[in-house]
Amino acid sequence: MGRPSEAAGMEALHQLKSTEPPQWLAPSASLSESARAASQHLFASLRPHVRKSPFDELLVDNFDAEQIWQQIDLLTQPLVRSIRRRVKHWEKNPAEIENLLPEVADGGKKVAQGKKMEEIDDDDDDDGGDMDMDDDDDDDDEEMDVDNDGEQDGGKDEGDESEEEEEEKSGGIEDKFLKIKELQEHLEDEEARHYGLDAKNKKSKKKSGSKKLEDEDDDSEEGEEDKEEDDDEDEEVDLFAGGDDEDEEDEMGNARYEDFFGKKKGGSEPKPRFKDELGEDSSSGEEEKEEELSSDDDDDEEEDDDENVNKKPKVLSTHEKEVQKIKSEIEKMEKANLDPKTWTMQGEVTAANRPKNSALEVDLDFEHNVRPVPVITEEVTQSLEEIIKKRIIEGQFDDIKRAPGLPSKAPRELKPVDENKSNKGLAEVYEEEFVQQTDPAAAPLSFSDEQKKEIIEDMSIQSNVPALAMEEIAPVAVSDAAMLAPEEVFSGKGNVKAEVELTQTERKRRRAKKKRKFKAVETKKMASKKAREDELRKQKEGTLLVVQVTHLCCQINVMLNQKL
Amino acid sequence: MLRRNVRLRREYLYRKSLEGKERIRYENKRKIAEALQEGKPIPTELRNVEAELRAEIDLEDDKTAVPRSYIDDEYATATEKDPKILLTTSRDPSAPLVQFVKELKIVFPNAERINRGGQVISEIIESCRSHDFTDVILVHEHRGVPDGMIISHLPFGPTAYFGLLNVVTRHDIKDKKAIGTMSEAYPHLILDNFNTKLGERTANILKHLFPVPKPDTKRILTFANQSDYISFRHHVYEKRGGPKSVELREIGPRFEMRLYQVTLGYRNQLGSCGSCL
């Protein structure tokens, strides 16, 4: 990458200077290019003054802003330190400045001195920190190195002069923006307010003390000075807990609003301003008072606006309005949170803890684990009846069915076993078995015929022997078995009634029956008689016929015989 | 009698405890049978028991193949015997409750009603056992309206607690002629929409309150389940116009039942156990 020429670098610088502030808001390639070129040029111009630095030139191609800044930082840090050292040195030995910068006028020299003083004071005022310590150490070293002894007196004298002329020189550098003395005083006031008035007194004492020390003609002056300054700076280091960043931006770091836009009505502006803002916020919380206060505040604001170029407009922007709204809502909600809760939001509430009849108005939400009771309507009944009818038509019912009996035992088979005594003797039985086993052919084909022969029904005649026969003198052994059983004797059927038990109708019925029977018998008899008589007659006739026939035959015979 | 019942109950519980193991064996047998049928290799976890299980599979017939579930085992012998029911009320019943119980006596065939008097539940159960009752039904009320029914199966059987709602009794219907008399034939039963396990159990409890009917009876009792509410209806039907037309005539009380508890024993509703086994 080629290092741009000086002219290009200066051009880039000018371009940067000329760009409008709003243009910086959006990232732009051309601006970044020119910024890089400018920083490269500046780097190059500074490089010769630094004794040792890792970079000979600033590398900007494809480097991050952070990385470029780091490079600049590496270069400028030792440079700034050395410059500071030198400045301090010149502060003590103003004569040397004349040597270095002969063209600068006395006023300028004094200005430089005053600047130095203010710088130191500013350092003190600001968060001095380590750099100051380092500077002091360096200072000591420098002073050892540099031949200062001869010039101490001169430094002293000029220190006196510098005091007096401090107030005079203000016209040179400062303009309406940068009233350094006022700035100083203001800062001191601020600090006094912050840390109490003693500090202010201390400061002035220190200042005057340091100046007095300078007046003395001791060799150890500077040492004491230094010590004082050291002490001061130590004290101030203690008082102001430091950040290193501010030391580097000495020129820019102490810039305040007032530096740019001038002071407002003495040093008391911030306080009422702050109060105004407070007033506004509190009023925005209370709607009723808002208008009254805001009008007052607006008036104040307007006054402020007139004095200073105030960013806050008279009419609130939409954002401001929204913010106000949200704030008011937040206030409301916070207030509601602080109030005790309504009874519906408290956990378990009994009747005593809530207002009367309040549970009736509230929509209470229960979890029901039971379905609601069914209301039996016509439709429900209809549907049920439909189901029933369907089942009836199908014939599908859910009755219990008789379980089929378990076949635990097979039914006993009763074989017809003959209970009578066997006619064959046991020997004969064995004989037949043996024959069958040995010679199946010899055995008869089946035993069944013989068995059949044997099973002859024993017919015994049972006569109706009267029981009284038993009581004869020589009793015939008649067993009960020989006699007929009562049912064998009795020849009737159905409900037998004695004559006395009969009703009239029954008697009549019996008589009619008897007569019928008798008649039947009689007719039978008559019929048989008739049959017999008919037969007899027929026989007679037959015989007569026979007799006649035989008679005829005899006659014939006789006739025949006669002829013979 | 008491010792016999204790023994029976212990047997039942023991058999129920074996059910788990039985089920596992059944599952394994089924897996093996499947594997054999499809020609797949037998799963490794069953290799050890494979031999004996296979022998058992061969010896099984269709009755022994499926493992017996012991859930409704209390009703195992119920089909051999007709049920005998005892109906009674809570103490000091009001007149409407007594009427309702009278109606229920006619609804359940083979039912007896007794006055409660001052008897303790355990006494009632003792007397039931000695007289060989199979079920006890207790009816409770609230200011004349029947609101609870407890059905207990007696030889150590389950107890079901129902709440009664929307009760309409025959006595409420003033016109006696319209209703007519109640048929006392053994009824057909319709148990509709009892699908879950609990539903099956409840259906069993209700079923075994009734004896085996003749196939051609005209009397129908319906227990229809709709969103956990069981509707009880009592009809008599006629097939006048032909086989497909059915005319229903409702007789008897109608009510909705809601089951709220089923217990294993027959502990009475007061909490003291009928018999702590």
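Because the structure is predicted, anything quoted here is derived from the model rather than measured.

What counts as what
Residues numbered from 1 in each chain as written. Chains lettered and ligands numbered in written order. Predicted model: local features only at pLDDT ≥ 70, side-chain atom pairs only at ≥ 80, totals over all residues. Heavy atoms only, no water. Contact = heavy atoms within 4.5 Å. Buried area = accessible area lost by both parts, 1.4 Å probe. Salt bridge = Lys/Arg side-chain N within 4 Å of Asp/Glu carboxyl O. Polar contact = N/O pair within 3.5 Å; in protein donor to acceptor, adjacent residues only side chain to side chain. Nonpolar A, V, L, I, M, F, W, Y, C, P; charged D, E, K, R; others polar. pLDDT = per-residue confidence, 0-100. Buried < 20%, exposed > 50% of the residue type's maximum accessible area, 1.4 Å probe, protein only. Helix = DSSP H or I, 4+ residues; strand = E, 2+ residues; numbered from the N terminus. Pairing = 2+ DSSP bridges. Expected span 1.5 Å × (residues − 1). Arc of directions from axis to C-beta. Phe/Tyr/Trp six-rings, centres within 6.5 Å; stacked < 30°, edge-to-face > 60°. Core = buried A, V, L, I, M, F, W, Y, C linked by side-chain atoms within 4.5 Å. Axes fitted to C-alpha atoms, helices over the stretch in contact; angles between N-to-C directions. Parallel < 35°, antiparallel > 145°, perpendicular 65-115°, else oblique. Left-handed = near helix turned anticlockwise from the far one by under 90°.

1. Here we look at the interface of chain A and chain B
For an interface, size is often stated in terms of accessible area lost upon the parts coming together.
Stage number 1. On the side of chain B, 37 residues touch chain A, which itself brings 23 residues to the contact.
Stage number 2. For the pairing of chain A and chain B, the buried interface totals around 2,800 Å² over both sides, and the portion due to carbon and sulfur atoms is 64%.
Stage number 3. One can count 2 salt bridges joining chain A with chain B.
Stage number 4. For B:D228, the salt bridge identified is with A:R371, shortest N-O distance 3.9 Å.
Stage number 5. Counting the contacts that link chain A with chain B gives 8 residue pairs in polar contact (both at pLDDT 80 or more).
Stage number 6. Broken down by class, the residue content of the side of chain A that touches chain B amounts to 14 nonpolar, 1 polar and 8 charged.

2. Comments concerning the confidence of the model for chain A
Residue and element names in this part refer to chain A.
Stage number 1. Averaged over all residues, the pLDDT of chain A is 71; the fraction at 70 or higher stands at 58%.
Stage number 2. The low-confidence segment residues 206-238 (pLDDT under 50) makes 54 contacts with residues lying over four places distant or belonging to another chain.
Stage number 3. Here residues 274-305 is modelled with pLDDT under 50, and outside its nearest four sequence neighbours on either side it reaches 27 contacts, counting other chains as well.

3. What to know about the pairing of strand β8 (residues 229-238) of chain B
Both faces of the sheet carry side chains from a regular strand, because those side chains alternate between them.
Residue and element names in this part refer to chain B.
Stage number 1. Among the 10 residues in β8, 9 count as buried, and that is most of the element.
Stage number 2. Examined bridge by bridge, strand β7 (residues 219-226) and β8 share 8 bridges and lie antiparallel to one another. When the bridges of β8 are listed, R219 appears paired with V236.
Stage number 3. Once β7 ends, the chain turns through 2 residues before running back antiparallel as β8, passing S227 with a positive phi of about 45 degrees.
Stage number 4. Of the pairings in the sheet, the one linking β8 to strand β10 (residues 254-263) comprises 3 bridges and is antiparallel in character. Within β10, the residue paired with S231 across the bridge is E256.

4. Re helix α19 (residues 378-394) of chain A
Stage number 1. Under the 1.5 Å per step criterion, the end-to-end length of α19(A) is 24 Å for 17 residues, consistent within 8% with the ideal 24 Å.
Stage number 2. Residues A:T381, A:L384, A:E385, A:I388, A:R391 and A:I392 constitute the buried set of α19(A). All buried residues of α19(A) lie within an arc of 120 degrees about the axis, which places them on one face of the element. Seen from the open side of α19(A), the exposed residues pointing more than 90 degrees away from its buried face are A:E379 and A:K390.
Stage number 3. Turning to α19(A), the residues buried within the fold contact β6 (188-192), β7, β8, β9 (247-250) and β10 of chain B.

5. So, the packing of aromatic side chains
Residue and element names in this part refer to chain A.
Stage number 1. Applying the stated rule across the entire model yields 8 aromatic pairs over all chains.
Stage number 2. Residues Y257 and F261 carry aromatic rings whose centres are separated by 4.9 Å and whose planes lie at 40 degrees to one another, so their mutual orientation is tilted. Of this pair, Y257 and F261 both sit in helix α14 (residues 257-261), 4 residues apart, roughly one helical turn.
Stage number 3. We classify Y257 as partly exposed; its relative accessible area is 34%.

6. With respect to the nonpolar core
All names here are of chain B.
Stage number 1. Counting 37 residues, the largest nonpolar core has I137, M149, F162, F223, F255 and M257 as its most contacted members.
Stage number 2. With 5 residues, helix α4 (residues 95-107) is the largest single contributor of residues to this core.
Stage number 3. Excluding anything up to four places from it in sequence, M149 contacts L104, I137, L138, A160, Y161, F162, L164, F255 and M257.
Stage number 4. If you look at the next biggest cluster of nonpolar residues, it comprises 14 residues, including Y12, V136, F156 and Y266.

7. Regarding the packing of helix α2 (residues 29-46) of chain A against helix α3 (residues 65-92) of chain A
Residues and elements named next belong to chain A.
Stage number 1. Running from amino to carboxyl end, α2 crosses α3 at an angle of 25 degrees, the nearest separation of the two axes being 11 Å. Taken together, the axes of α2 and α3 lie roughly parallel to each other. Crossing hand, α2 versus α3: left-handed. Mapping the contact onto sequence places R36, S39, F43 and L46 in α2 and I68, Q71, I72, L75, T76 and L79 in α3.
Stage number 2. Partitioned by chemical class, the residues of the contact of α2 with α3 number 6 nonpolar, 3 polar and 1 charged.

8. Comments concerning the environment of A:S32
Stage number 1. Within the secondary structure layout, A:S32 lies in helix α2.
Stage number 2. For A:S32, a relative accessible area of 31% gives the class partly exposed.

9. What about the environment of B:V136?
Residue and element names in this part refer to chain B.
Stage number 1. Along the polypeptide, V136 turns up in strand β3 (residues 135-142).
Stage number 2. Along the backbone, V136 and A111 are 25 residues apart, and their C-alpha atoms lie at a distance of 9.4 Å.
Stage number 3. When neighbours within four sequence positions are excluded, V136 is seen to be in contact with L86, C128, I150, I151, S152 and L154.

10. Quick word on the pattern of salt bridges
Stage number 1. For the structure on display, the rule yields 22 salt bridges over all chains.
Stage number 2. Close ionic contact of A:D534 with A:R537 constitutes a salt bridge, the shortest N to O distance being 2.6 Å. Of this pair, A:D534 and A:R537 both sit in helix α23 (residues 504-563), separated by 3 residues, roughly a single helical turn.
Stage number 3. Classification of A:R537 by relative accessible area gives partly exposed; the value is 47%.
Stage number 4. B:R25 serves as the salt-bridge partner of B:E56, at 2.4 Å between the closest nitrogen and oxygen. Here B:R25 lies in helix α1 (residues 2-38) and B:E56 lies in helix α2 (residues 50-59), a separation of 31 residues in the sequence.
Stage number 5. Given a relative accessible area of 28%, B:E56 falls into the partly exposed group.
Stage number 6. Via salt bridges that share partners, B:R25, B:K29, B:E52 and B:E56 belong to a single interconnected network.

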